[in-house]
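# Descriptive analysis of the structure
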Amino acid sequence: MAAPSAVPCYLGNMRALLSPMCRPRGVPAFLGSLARCSRFVAPLCSLPPESLLSLSSPALGSRLTPGLGLCPEFISPAEEAALCRELEPILRRKRYESGHWDQAIHGFRETERLQWSLENMAVIQRVRDKAFPPGEAQLSLVHVLDLQKEGYIKPHVDSIKFCGSTIAGICLLSSSIMRLVSVENADERADLLLPRRCLYMLSGAVRYNFTHEILRDEESVFNGERVPRERRISVICRNLPLS
(Lines give C-alpha, C1' and ligand atoms only; values in the text may rest on other atoms or scores of the structure.)
Protein backbone atom coordinates (compact mmCIF):
# COMPACT_ATOMS: atom_id res chain seq x y z
CA MET A 1 0.00 0.00 0.00
CA ALA A 2 1.34 3.40 -0.92
CA ALA A 3 2.30 5.73 1.90
CA PRO A 4 -0.90 7.34 3.18
CA SER A 5 -1.53 10.72 1.64
CA ALA A 6 -2.65 13.73 3.58
CA VAL A 7 -6.37 13.32 4.13
CA PRO A 8 -8.60 16.16 2.92
CA CYS A 9 -10.17 18.45 5.51
CA TYR A 10 -13.63 17.06 4.87
CA LEU A 11 -12.60 13.85 6.62
CA GLY A 12 -12.52 15.73 9.89
CA ASN A 13 -9.83 16.03 12.51
CA MET A 14 -9.82 14.37 15.93
CA ARG A 15 -6.27 15.22 16.99
CA ALA A 16 -7.55 17.29 19.93
CA LEU A 17 -9.59 14.33 21.15
CA LEU A 18 -6.61 12.00 20.78
CA SER A 19 -4.18 14.08 22.81
CA PRO A 20 -1.89 12.34 25.34
CA MET A 21 -4.01 13.68 28.22
CA CYS A 22 -6.96 11.63 26.93
CA ARG A 23 -4.89 8.54 26.14
CA PRO A 24 -4.26 5.77 28.66
CA ARG A 25 -0.70 4.62 29.24
CA GLY A 26 0.50 1.93 26.82
CA VAL A 27 -2.11 2.56 24.11
CA PRO A 28 -0.84 3.68 20.66
CA ALA A 29 -1.46 7.32 19.89
CA PHE A 30 -3.72 6.68 16.93
CA LEU A 31 -6.16 4.62 19.01
CA GLY A 32 -6.47 7.34 21.59
CA SER A 33 -8.85 5.40 23.85
CA LEU A 34 -11.86 7.39 22.79
CA ALA A 35 -13.95 5.89 25.58
CA ARG A 36 -11.68 6.85 28.43
CA CYS A 37 -11.51 10.55 27.80
CA SER A 38 -14.43 11.92 29.78
CA ARG A 39 -14.72 14.92 27.46
CA PHE A 40 -15.27 12.71 24.42
CA VAL A 41 -18.75 12.68 22.91
CA ALA A 42 -19.41 10.04 20.24
CA PRO A 43 -20.02 11.77 16.89
CA LEU A 44 -22.70 11.01 14.41
CA CYS A 45 -21.67 8.38 11.89
CA SER A 46 -19.58 9.96 9.14
CA LEU A 47 -16.57 9.26 6.98
CA PRO A 48 -13.89 8.24 9.49
CA PRO A 49 -11.35 10.83 10.65
CA GLU A 50 -7.75 10.72 9.47
CA SER A 51 -6.71 9.02 12.71
CA LEU A 52 -8.76 5.95 11.72
CA LEU A 53 -8.55 5.98 7.92
CA SER A 54 -5.47 5.54 5.71
CA LEU A 55 -5.97 6.23 1.99
CA SER A 56 -3.74 5.32 -0.93
CA SER A 57 -4.61 8.71 -2.50
CA PRO A 58 -6.57 11.81 -1.44
CA ALA A 59 -9.02 11.36 -4.32
CA LEU A 60 -10.17 8.04 -2.90
CA GLY A 61 -11.99 9.81 -0.07
CA SER A 62 -14.67 11.13 -2.39
CA ARG A 63 -15.34 7.61 -3.70
CA LEU A 64 -15.92 6.36 -0.18
CA THR A 65 -18.46 9.09 0.57
CA PRO A 66 -21.21 8.57 1.72
CA GLY A 67 -21.03 4.79 1.74
CA LEU A 68 -18.46 4.40 4.52
CA GLY A 69 -19.35 5.37 8.08
CA LEU A 70 -17.79 4.84 11.48
CA CYS A 71 -18.96 5.74 14.99
CA PRO A 72 -16.22 5.14 17.59
CA GLU A 73 -17.49 4.05 21.01
CA PHE A 74 -21.01 3.47 19.71
CA ILE A 75 -21.65 1.19 22.68
CA SER A 76 -20.38 1.41 26.24
CA PRO A 77 -18.21 -1.21 27.97
CA ALA A 78 -21.28 -2.26 29.97
CA GLU A 79 -23.31 -2.76 26.77
CA GLU A 80 -20.47 -4.75 25.23
CA ALA A 81 -20.37 -6.99 28.31
CA ALA A 82 -24.14 -7.53 28.17
CA LEU A 83 -24.01 -8.55 24.50
CA CYS A 84 -21.16 -10.98 25.20
CA ARG A 85 -23.01 -12.52 28.16
CA GLU A 86 -25.97 -13.29 25.94
CA LEU A 87 -23.94 -14.56 23.00
CA GLU A 88 -21.26 -16.59 24.77
CA PRO A 89 -23.45 -19.60 25.76
CA ILE A 90 -24.75 -19.83 22.18
CA LEU A 91 -21.34 -19.54 20.54
CA ARG A 92 -19.73 -21.94 22.99
CA ARG A 93 -21.90 -24.75 21.63
CA LYS A 94 -20.37 -24.28 18.17
CA ARG A 95 -16.93 -25.21 16.85
CA TYR A 96 -14.62 -22.82 15.07
CA GLU A 97 -14.57 -23.67 11.38
CA SER A 98 -11.65 -23.43 8.96
CA GLY A 99 -13.60 -22.50 5.86
CA HIS A 100 -16.79 -20.65 4.96
CA TRP A 101 -19.10 -21.75 2.16
CA ASP A 102 -17.53 -19.11 -0.10
CA GLN A 103 -14.03 -19.61 1.37
CA ALA A 104 -13.93 -15.96 2.48
CA ILE A 105 -13.72 -16.55 6.26
CA HIS A 106 -11.29 -18.72 8.20
CA GLY A 107 -11.28 -19.51 11.91
CA PHE A 108 -14.84 -18.53 12.70
CA ARG A 109 -18.16 -19.56 14.13
CA GLU A 110 -21.43 -17.81 13.48
CA THR A 111 -25.08 -17.68 14.31
CA GLU A 112 -28.16 -15.61 13.52
CA ARG A 113 -30.33 -14.27 16.29
CA LEU A 114 -33.89 -13.00 16.33
CA GLN A 115 -34.67 -12.81 20.05
CA TRP A 116 -32.59 -10.65 22.39
CA SER A 117 -32.84 -9.52 25.98
CA LEU A 118 -34.58 -6.18 26.41
CA GLU A 119 -31.25 -4.55 27.23
CA ASN A 120 -29.54 -5.86 24.11
CA MET A 121 -32.56 -5.30 21.89
CA ALA A 122 -32.27 -1.60 22.70
CA VAL A 123 -28.68 -1.66 21.40
CA ILE A 124 -29.70 -3.51 18.22
CA GLN A 125 -32.47 -1.00 17.64
CA ARG A 126 -29.98 1.84 18.05
CA VAL A 127 -27.87 0.28 15.28
CA ARG A 128 -30.89 0.00 13.03
CA ASP A 129 -31.95 3.59 13.71
CA LYS A 130 -28.45 4.88 12.95
CA ALA A 131 -27.69 2.83 9.85
CA PHE A 132 -30.97 2.61 7.95
CA PRO A 133 -33.56 5.16 6.82
CA PRO A 134 -36.96 5.03 8.53
CA GLY A 135 -39.20 2.41 6.99
CA GLU A 136 -36.44 0.59 5.08
CA ALA A 137 -37.03 -3.17 5.00
CA GLN A 138 -34.41 -5.00 7.06
CA LEU A 139 -33.51 -8.60 7.75
CA SER A 140 -35.02 -9.51 11.10
CA LEU A 141 -32.20 -11.94 11.87
CA VAL A 142 -29.01 -10.36 13.21
CA HIS A 143 -25.81 -12.01 11.99
CA VAL A 144 -23.22 -12.77 14.68
CA LEU A 145 -19.69 -13.63 13.51
CA ASP A 146 -17.12 -14.83 16.04
CA LEU A 147 -13.57 -14.67 14.62
CA GLN A 148 -10.88 -16.37 16.68
CA LYS A 149 -7.53 -14.65 17.20
CA GLU A 150 -5.95 -16.70 14.40
CA GLY A 151 -8.95 -16.16 12.12
CA TYR A 152 -9.30 -13.70 9.27
CA ILE A 153 -11.66 -12.60 6.52
CA LYS A 154 -10.27 -12.68 2.99
CA PRO A 155 -11.02 -9.97 0.38
CA HIS A 156 -14.54 -10.41 -0.93
CA VAL A 157 -17.66 -8.62 -2.13
CA ASP A 158 -20.80 -9.75 -0.33
CA SER A 159 -23.35 -11.65 -2.37
CA ILE A 160 -26.42 -9.60 -3.22
CA LYS A 161 -28.55 -12.75 -2.80
CA PHE A 162 -28.39 -12.66 0.97
CA CYS A 163 -28.46 -9.02 1.96
CA GLY A 164 -29.07 -5.62 0.45
CA SER A 165 -27.06 -2.48 -0.06
CA THR A 166 -26.10 -1.81 3.57
CA ILE A 167 -24.42 -3.69 6.41
CA ALA A 168 -23.85 -2.21 9.85
CA GLY A 169 -21.76 -3.96 12.47
CA ILE A 170 -20.66 -3.50 16.08
CA CYS A 171 -17.13 -4.71 16.90
CA LEU A 172 -16.79 -6.54 20.24
CA LEU A 173 -13.72 -7.68 22.20
CA SER A 174 -10.99 -6.42 19.86
CA SER A 175 -9.93 -3.64 17.54
CA SER A 176 -9.10 -4.72 13.99
CA ILE A 177 -8.20 -3.39 10.57
CA MET A 178 -10.59 -3.56 7.64
CA ARG A 179 -9.02 -3.14 4.21
CA LEU A 180 -11.05 -1.91 1.23
CA VAL A 181 -9.64 -2.43 -2.27
CA SER A 182 -11.19 -1.24 -5.53
CA VAL A 183 -12.30 -4.14 -7.72
CA GLU A 184 -11.22 -2.13 -10.78
CA ASN A 185 -7.82 -0.95 -9.57
CA ALA A 186 -5.96 -2.83 -6.84
CA ASP A 187 -3.75 0.21 -6.24
CA GLU A 188 -6.77 2.07 -4.84
CA ARG A 189 -7.16 0.94 -1.26
CA ALA A 190 -8.05 2.18 2.18
CA ASP A 191 -7.26 0.77 5.60
CA LEU A 192 -9.91 1.43 8.22
CA LEU A 193 -9.08 1.06 11.89
CA LEU A 194 -12.12 -0.38 13.65
CA PRO A 195 -11.80 0.41 17.37
CA ARG A 196 -13.36 -1.97 19.84
CA ARG A 197 -17.03 -1.07 20.49
CA CYS A 198 -17.37 0.97 17.30
CA LEU A 199 -20.19 0.84 14.76
CA TYR A 200 -19.11 0.63 11.11
CA MET A 201 -21.33 0.91 8.04
CA LEU A 202 -20.73 -0.09 4.43
CA SER A 203 -23.31 0.78 1.80
CA GLY A 204 -23.84 1.40 -1.89
CA ALA A 205 -20.72 1.70 -4.03
CA VAL A 206 -18.46 0.86 -1.11
CA ARG A 207 -20.19 -2.52 -0.80
CA TYR A 208 -20.15 -3.40 -4.48
CA ASN A 209 -17.13 -1.60 -5.97
CA PHE A 210 -14.65 -2.50 -3.23
CA THR A 211 -13.65 -5.76 -1.63
CA HIS A 212 -13.42 -5.75 2.14
CA GLU A 213 -11.41 -7.94 4.48
CA ILE A 214 -10.31 -8.20 8.12
CA LEU A 215 -6.53 -8.55 8.34
CA ARG A 216 -4.83 -11.43 10.12
CA ASP A 217 -3.24 -10.66 13.47
CA GLU A 218 0.28 -10.84 12.02
CA GLU A 219 -0.69 -8.33 9.29
CA SER A 220 -2.55 -6.00 11.64
CA VAL A 221 -0.50 -2.82 11.22
CA PHE A 222 -2.02 0.64 10.76
CA ASN A 223 0.17 3.51 9.57
CA GLY A 224 3.25 1.65 10.78
CA GLU A 225 1.89 0.86 14.25
CA ARG A 226 0.91 -2.60 15.42
CA VAL A 227 -2.76 -3.20 16.25
CA PRO A 228 -2.96 -6.54 18.10
CA ARG A 229 -5.91 -8.59 16.89
CA GLU A 230 -7.63 -10.69 19.53
CA ARG A 231 -10.79 -12.73 19.27
CA ARG A 232 -13.41 -10.50 17.63
CA ILE A 233 -17.20 -10.76 17.61
CA SER A 234 -19.19 -8.66 15.16
CA VAL A 235 -22.93 -8.14 15.49
CA ILE A 236 -24.26 -7.21 12.06
CA CYS A 237 -27.59 -5.79 10.87
CA ARG A 238 -28.51 -5.86 7.18
CA ASN A 239 -31.29 -4.62 4.93
CA LEU A 240 -33.23 -6.86 2.57
CA PRO A 241 -31.81 -7.65 -0.88
CA LEU A 242 -33.55 -6.25 -3.92
CA SER A 243 -36.05 -8.75 -5.30
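Anything mentioned here points back to the structure above.
Conventions used here
- Residues numbered from 1 in each chain as written.
- Predicted model: local features only at pLDDT ≥ 70, side-chain atom pairs only at ≥ 80, totals over all residues.
- Heavy atoms only, no water.
- Helix = DSSP H or I, 4+ residues; strand = E, 2+ residues; numbered from the N terminus.
- Buried < 20%, exposed > 50% of the residue type's maximum accessible area, 1.4 Å probe, protein only.
- Contact = heavy atoms within 4.5 Å.
- Areas by Shrake-Rupley, 256 points an atom, 1.4 Å probe, with all protein chains shown as cover.
- Core = buried A, V, L, I, M, F, W, Y, C linked by side-chain atoms within 4.5 Å.
- Patch = residues over 30% accessible without salt bridge, like charges linked within 9 Å, V, L, I, M, F, W, Y side chains within 5 Å.
- Salt bridge = Lys/Arg side-chain N within 4 Å of Asp/Glu carboxyl O.
- Phe/Tyr/Trp six-rings, centres within 6.5 Å; stacked < 30°, edge-to-face > 60°.
- Lys NZ or Arg CZ within 6 Å of the ring centre and 35° of its normal.
- Expected span 1.5 Å × (residues − 1).
- Bend = angle between axes of the 7 residues up to and from the residue.
- Pairing = 2+ DSSP bridges.

Bringing the overall build of the protein chain into the picture now. A count of helices and strands for the protein chain gives four helices and twelve strands. Sorting the 243 residues of the protein chain into buried and exposed places 51% on the buried side. Contacts in the protein chain between residues at least 24 apart in sequence constitute 78% of all its contacts with a sequence separation of at least 6. Total accessible area on the protein chain stands at roughly 11,700 Å², and carbon and sulfur atoms take up 55% of it.

Further remarks concern the nonpolar core. If you look at the biggest cluster of nonpolar residues, it comprises 35 residues, and the most contacted ones within it are Leu64, Leu68, Met178, Leu194 and Tyr200. Sorting elements by how many residues they give to this core places strand β7 (residues 189-194) first, with four residues. Excluding anything up to four places from it in sequence, leucine 194 contacts Leu70, Cys171, Ser174, Ser175, Ser176, Met178, Tyr200, Ile214 and Arg232. Listed in part, the 23 residues of the second largest apolar core include Phe74, Leu199, Ile233 and Cys237.

Before going further, it helps to examine a nonpolar patch on the surface. Together, Val157, Ile160, Val183 and Tyr208 give the surface a local cluster of nonpolar side chains, amounting to about 330 Å² of exposed area. Relative to the helices and strands, isoleucine 160 resides in the loop between β4 (142-156) and β5 (166-172). Classification of isoleucine 160 by relative accessible area gives exposed; the value is 55%.

Another aspect to go through is the packing of aromatic side chains. Enumeration according to the criterion identifies zero aromatic pairs in this entry. Taking the ring centre of tyrosine 152 as reference, the NZ or CZ of arginine 216 above it sits at 3.7 Å.

A few words on the pattern of salt bridges. Following the criterion strictly, the structure yields 15 salt bridges and no others. Notably, a salt bridge pairs glutamate 73 with arginine 197, separated by 3.3 Å at the nearest N-O pair. Of this pair, glutamate 73 sits in the loop between β2 (68-71) and α2 (77-92) while arginine 197 is found in the loop between β7 and β8 (199-203), placing the two residues 124 residues apart along the sequence. Residue classification places glutamate 73 among the buried residues on the basis of a relative accessible area of 16%. Given a relative accessible area of 10%, arginine 197 falls into the buried group. Here glutamate 80 ties to arginine 197 by a salt bridge, and the two come within 3.1 Å at their closest N and O atoms. Within this pair, whereas glutamate 80 is found in helix α2, its partner arginine 197 is found in the loop between β7 and β8, the two being separated by 117 residues in sequence. Under the relative-accessibility criterion, glutamate 80 is labelled buried at 4%. Overlapping salt bridges, with partners in common, bring together Glu73, Glu80, Arg196 and Arg197 in one network.

On to α2. Given a rise of 1.5 Å per residue, 16 residues ought to cover 22 Å, and the 21 Å separating the end C-alpha atoms of α2 matches this to within 8%. Largest kink in α2: about 30°, centred on glutamate 86, with the proline proline 89 one to four residues after it. As for α2, its buried residues are in contact with β3 (105-113), α3 (118-131), β4, β5 and β12 (232-238).

Looking now at the pairing of strand β6 (residues 176-182). On any regular strand, side chains alternate: one points to one face of the sheet, the next to the other face. Within β6, seven of the seven residues are buried, which leaves the element mostly enclosed by the surrounding structure. Where burial is concerned, the two faces of β6 agree: the one with Ser176, Met178, Leu180 and Ser182 and the one with Ile177, Arg179 and Val181 are both buried. Across six bridges, β6 lies against β7 in antiparallel orientation. Looking at the pairing, leucine 180 lines up with alanine 190 of β7. Linking β6 back to β7 in an antiparallel pair, the connection comprises six residues. With five bridges joining them, β6 and strand β9 (residues 210-214) adopt antiparallel strand pairing. The partner of leucine 180 across the bridge, within β9, is histidine 212.

On to the environment of isoleucine 160. In this structure, the C-alpha to C-alpha distance between isoleucine 160 and arginine 207, residues 47 residues apart in sequence, is 9.7 Å. The contacts of isoleucine 160, once residues within four sequence positions are left out, are Tyr208 and Pro241.

Both trends apply: most residues other than glycine have a negative phi, and most peptide bonds are in trans. Of note, the bond from threonine 65 into proline 66 is cis; its omega dihedral lies within 30 degrees of zero at 0°. With respect to the element layout, proline 66 can be found in the loop between α1 (60-63) and β2. A positive phi angle, near 50°, is found at glutamate 73, a position not held by glycine. One non-glycine residue with positive phi stands out, namely asparagine 223, at about 50°.

Nothing here speaks to function; it is geometry throughout.
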